[in-house]
Amino acid sequence: MKKFFSRLQFALLACASLFVMASCGSDDETSVDLSGETKEFLNGDMVLYTKAELAGVDKTLLPTGCPAIFNFDWVNKVDPNNSAANIVKLKMVNFQVGSMPMTASFECDAQTVTLDRWDQDEYKGEGWVKLQGLKNGRISIDNGQSWQPTMGDITGYYNINTHEINCIIDFNYMSIKANILRQTIDKSNLEKYDQLKEQYEIDLEKWKEEHGIVDPTPDPKKFLNGRIVLYSRVEMNGDDKTLLPTGCPIIFDFDWKNRLDPAHTADNIVKVKMEDFKIGAMPMTASFECDVEIAKLTDQEKEQYKGSGWVKLQGMSNGVISMNGSPMPSTKGNIVGFYNAKTHDIVYDIDFKMMGIKAFILRQIIDKANLEKYAELKKKYEEDLAKWKEEHEK
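Quick summary incoming for the structure in this document. (Residues numbered from 1 in each chain as written. Predicted model: local features only at pLDDT ≥ 70, side-chain atom pairs only at ≥ 80, totals over all residues. Heavy atoms only, no water.)

1. A short note on the overall build of the chain
For clarity, the cut-off: Secondary structure is summarised from DSSP: a helix means a run of H or I of at least four residues, a strand means a run of E of at least two, and numbering begins at the N terminus for each. Summary of the burial criterion: residues with accessible area below 20% of their type's maximum are buried, those above 50% are exposed, and those between are partly exposed, where the area comes from a 1.4 Å probe applied to protein chains only. Whether two residues are in contact is decided by their heavy atoms, any of which lying within 4.5 Å being enough. Accessible surface area values rest on a Shrake-Rupley calculation with a 1.4 Å probe, where residue burial reflects the displayed protein chains alone.
Check the secondary structure of the chain and you find six helices and 21 strands. Buried positions account for 44% of the 394 residues belonging to the chain. Long-range pairs, those at least 24 residues apart, make up 56% of the contacts in the chain between residues at least 6 apart in sequence. In the form shown here, the chain has an accessible surface area of approximately 21,400 Å², with 52% of it arising from carbon and sulfur atoms.

2. Remarks on the side chain of Lys312
Filter applied, for reference: By the criterion applied in these results, polar contacts are pairs of N or O atoms within 3.5 Å in which, for protein atoms, one can donate a hydrogen and the other can accept it, and in which residues neighboring in sequence qualify only through two side-chain atoms.
Topologically, Lys312 is positioned in strand β16 (residues 310-315). With a relative accessible area of 13%, Lys312 lands in the buried category. At 2.7 Å, the side chain of Lys312 and the side chain of Glu301 are in polar contact.

3. So, the nonpolar core
The line we're drawing: Side-chain atoms within 4.5 Å link the members of a nonpolar core, which is a set of buried Ala, Val, Leu, Ile, Met, Phe, Trp, Tyr and Cys residues.
In terms of nonpolar packing, the biggest core is built from 39 residues, with Phe252, Phe254, Met274, Tyr348 and Ile350 touching the most fellow members. Ranked by the residues each element gives to this core, the list is headed by strand β15 (residues 286-295), at five residues. Setting aside chain neighbours within four positions, we find Ile350 in contact with Phe252, Met274, Phe288, Asn334, Ile335, Ile357, Lys358, Ala359 and Ile361. Leu42, Leu131, Ile165 and Ile180 belong to the second-largest nonpolar core, a separate cluster that totals 32 residues.

4. Some details on helix α6 (residues 374-393)
Here is the rule: What a helix is expected to span follows from its residue count: subtract one and scale by 1.5 Å. The directions considered for the arc are those from the helix axis to the C-beta atoms.
Taking 1.5 Å as the rise per residue, α6 with 20 residues should run 28 Å; its terminal C-alpha atoms sit 28 Å apart, in good agreement. Taken together, the buried positions of α6 are occupied by Leu377, Lys378, Tyr381 and Leu385. Buried positions in α6, seen along its axis, are confined to an arc of 95° and lie on one side of it. Facing away from the buried surface of α6 by more than 90 degrees, the exposed residues are Ala375, Glu376, Lys379, Lys387, Glu390 and Glu391. The secondary structure elements touched by the buried residues of α6 are β11 (226-236) and β13 (248-255).

5. Remarks on the pairing of strand β6 (residues 128-133)
Just so we agree on the cut-off: Two strands qualify as a pair provided that DSSP identifies no fewer than 2 bridges between them.
Where burial is concerned, most of β6 is hidden: six out of the six residues are buried. With burial as the criterion, each face of β6 is covered, one bearing Trp128, Lys130 and Gln132 and the other bearing Val129, Leu131 and Gly133. The pairing of strand β5 (residues 104-113) with β6 spans four bridges and is antiparallel. Residue pairing in the sheet places Ala110 in a bridge with Gly133 of β6. The sheet contact formed by β6 and strand β8 (residues 148-159) spans five bridges and is antiparallel. By the bridge assignment for β8, Leu131 is matched with Gly156.

6. Thoughts on the packing of aromatic side chains
Selection rule: A pair of aromatic rings is counted whenever rings of Phe, Tyr or Trp (Trp by its six-membered ring) have centres within 6.5 Å, and the orientation is called stacked for planes under 30 degrees apart, edge-to-face for over 60 and tilted otherwise. Here, a charge over a ring means that NZ of Lys or CZ of Arg falls within 6 Å of the ring centre while also lying within 35 degrees of the ring normal.
Evaluation of the coordinates by the stated rule reveals eight aromatic pairs. Where Phe106 meets Phe171, the ring centres are 4.7 Å apart and the plane angle is 25°; that geometry is what we call stacked. Here Phe106, found in strand β5, pairs with Phe171, found in the loop between β9 (164-170) and β10 (176-184); they are 65 residues apart in sequence, far enough to count as distant. By relative accessible area, which is 0% here, Phe106 ends up buried. Look at Tyr305 and Trp310: their rings are 4.9 Å apart centre to centre, the planes differ by 55°, and that puts the pair in the tilted class. On the basis of relative accessibility, which here comes to 9%, the residue Tyr305 falls in the buried class. Looking at Trp310, the relative accessible area reads 10%, which means it is buried. An aromatic cluster of three or more residues is present, and its members are Tyr123, Trp128 and Tyr157. Here the guanidinium or amino end of Lys187 rests over the ring plane of Phe41, the centre of that ring lying 4.7 Å away. Its guanidinium or amino end placed over the ring of Phe223, Lys368 lies 4.6 Å from that ring's centre, counting from NZ or CZ.

Below you can see the structure in the form of structure tokens.
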């Protein structure tokens, strides 16, 4: 009798297993080839509101997410062998939000398939297709210069009728994940991206204030060091020698070890040197250097330079100038400016205290790559200057 019940139990278990397998098999995802019209819409660059996580910590902070640029490409795939018509490459372009420590790009191939029974419970109505990643994701943290395979993946959903979209992206790298929030794609947001990003930063600062979050200011030494190209204007006795409103590229050197005054040993003092320059109608080559203290902003300065990360560049009035390579007696020239250790915005003025020479480093975001392109940038300035003179001499 026991043997009979044992066999009966085994038979029932086997039948149940077959039933489950059959049920699962009936819900298998099948590929879907979207129409040309649908592909034309879900194609190219677009802005999608996204939340980012790093090791499970929300780096976007705002519940509405951050605007990020994505690209859908039906022609050029991560894997060139993925030539099927229902495969699209989804790329997340230069993504850095909130307190993320790096800028990252990610791309992965995904195929369009039908929804299974569980997906249909959440994405109700007609027109939904699933974007099922092919686990061939790769990441770039150097502006797309090189790519590292991570086997990252995508799981998403898109409605061909309403253009709603919702995706989860697993970079499979440093526990980075991105969630494209459920939203209706608005193609016009691409033109407004800078405006939308700026609004996100403003809303983020308000959110932090409301929640009592104070960001520590990064150490300026980590980025503001070595030789950097900055666009600047130069005056002599009030006469603009640069002429172009965009300024001229000039090399500056930020040295945290060798100060002009050896007595300036504090850790927050940097020597700033404006390397040999001769621009526009200047009659000589000049250079300037001065010790600068990193200081806090006054309440009045905070009204002008809003947001976190700003520090003041307060010169120590010990500037030294060289003319045509020959050092001149100390002029007590000075530097006063501001630098954002988070965004790398910078702006400052230099008073040489000699021959009425002043330099105005225009507000800009430091681009360290410009040092390698300095000769090219200087040549472009000279060409633009020649055109400007030609236009204004007529």
